[in-house]
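# Tertiary structure, described
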Amino acid sequence: MNLVTMLILAVAATGFAYRLLAGPTLADRTSALNGLLLAGMGAIATQAAHTRTGVFLPTLVAIALVGPISTAMIARFIESRAS
């Protein structure tokens, strides 16, 4: 089950990486970066569940707190540029 989950997360991360590189707008790239962040968080959580250790769970919590804040800051930047 761990292998299937990691494979699905890798496919999702590949799609997000393509969108990050292809763009074409800053909003697309921001959304792709947020998706990559979520896929990485899923990989960390899957690995923690598989190994039954919580070594990286504080990192997961820190990423979960910083991710939406950075996305909101970029969204405000995009909004201020548009007007």
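Provided above is the structure to which this section pertains.
First, a word on scope: everything that follows refers to the structure included in this document. All values reported here derive from a predicted model rather than from experimental measurement.

So, about the overall build of the chain. The helix and strand inventory of the chain stands at 3 helices and 0 strands. When the elements of the chain are put in sequence order from the N terminus, they spell out α-α-α. In summary, the chain has a C-alpha radius of gyration of 15 Å against a globular reference of 12 Å for 83 residues, an excess of more than 25%. Principal-axis analysis of the C-alpha atoms places the extent of the chain at approximately 50 × 25 × 10 Å. When the 83 residues of the chain are sorted by exposure, 16% land in the buried category. When contacts within the chain are restricted to residue pairs at least 6 apart in sequence, long-range pairs at least 24 apart make up 49% of them. Surface summary for the chain: the accessible area is close to 5900 Å², and the carbon and sulfur share equals 73%.

The topology assignment puts Leu26 in helix H2 (residues 26-51). Leu26 sits 12 residues away from Leu38 along the chain, and the two C-alpha atoms are 18 Å apart. For Leu26, the contacting residues outside a window of four places in its chain are Phe77, Ile78 and Arg81.

Among the surface-exposed residues, Met1, Val4 and Ile8 lie close enough to one another that they form a single nonpolar patch of about 370 Å² accessible area. With respect to the element layout, Met1 can be found in the segment before helix H1 (2-22).

Here we come to H1. Between its terminal C-alpha atoms H1 stretches 30 Å, which fits the 30 Å expected from 21 residues at 1.5 Å a residue. In the segment just after H1, Gly23 is the residue with positive phi, at about 75°.

On to H2. Residues three or four positions apart in an α-helix share a direction because the helix packs 3.6 residues into each turn. Helix length check: H2 (26 residues) gives 37 Å between terminal C-alpha atoms against 38 Å at 1.5 Å per residue, within 8%. Within H2 the residues assigned to the buried category are Thr30, Ala32, Gly35, Ala39, Met41, Gly42, Thr46 and Ala48. After H2 finishes, the residue Arg52 shows a positive phi value of roughly 60°.

Cut-offs applied
- Every chain is numbered independently, its residues counted from 1 as its sequence is written.
- Restriction of local features to residues with pLDDT of at least 70 applies here, the model being predicted, together with a cutoff of 80 or more for giving and counting side-chain atom pairs; totals for whole chains, interfaces and linings are based on all residues.
- Each side-chain value is worked out from all heavy atoms of the structure, with water and hydrogens disregarded.
- The helix count covers DSSP runs of H or I at least four residues long, the strand count covers runs of E at least two residues long, and both are numbered beginning at the N terminus.
- Only the C-alpha atoms count toward the radius of gyration. The rule for a globule is 2.2 Å times the residue count to the power 0.38.
- Burial here depends on accessible area, computed with a 1.4 Å probe over protein chains only, as a share of the maximum for the residue type. Under 20% is buried, over 50% is exposed, and the range in between is partly exposed.
- Should any heavy atoms of two residues lie within 4.5 Å, those residues are counted as being in contact.
- Calculation of accessible area relied on Shrake-Rupley with a 1.4 Å probe; when residues are assessed, cover is drawn exclusively from the protein chains displayed.
- Candidates for patches are residues over 30% relative accessible area with no salt bridge; among them, like charges are joined within 9 Å and nonpolar side chains (Val, Leu, Ile, Met, Phe, Trp, Tyr) within 5 Å.
- Salt bridge, as used here: a side-chain nitrogen of Lys or Arg that lies within 4 Å of a carboxyl oxygen of Asp or Glu.
- Given a helix with a known number of residues, its expected span is that number minus one, times 1.5 Å.

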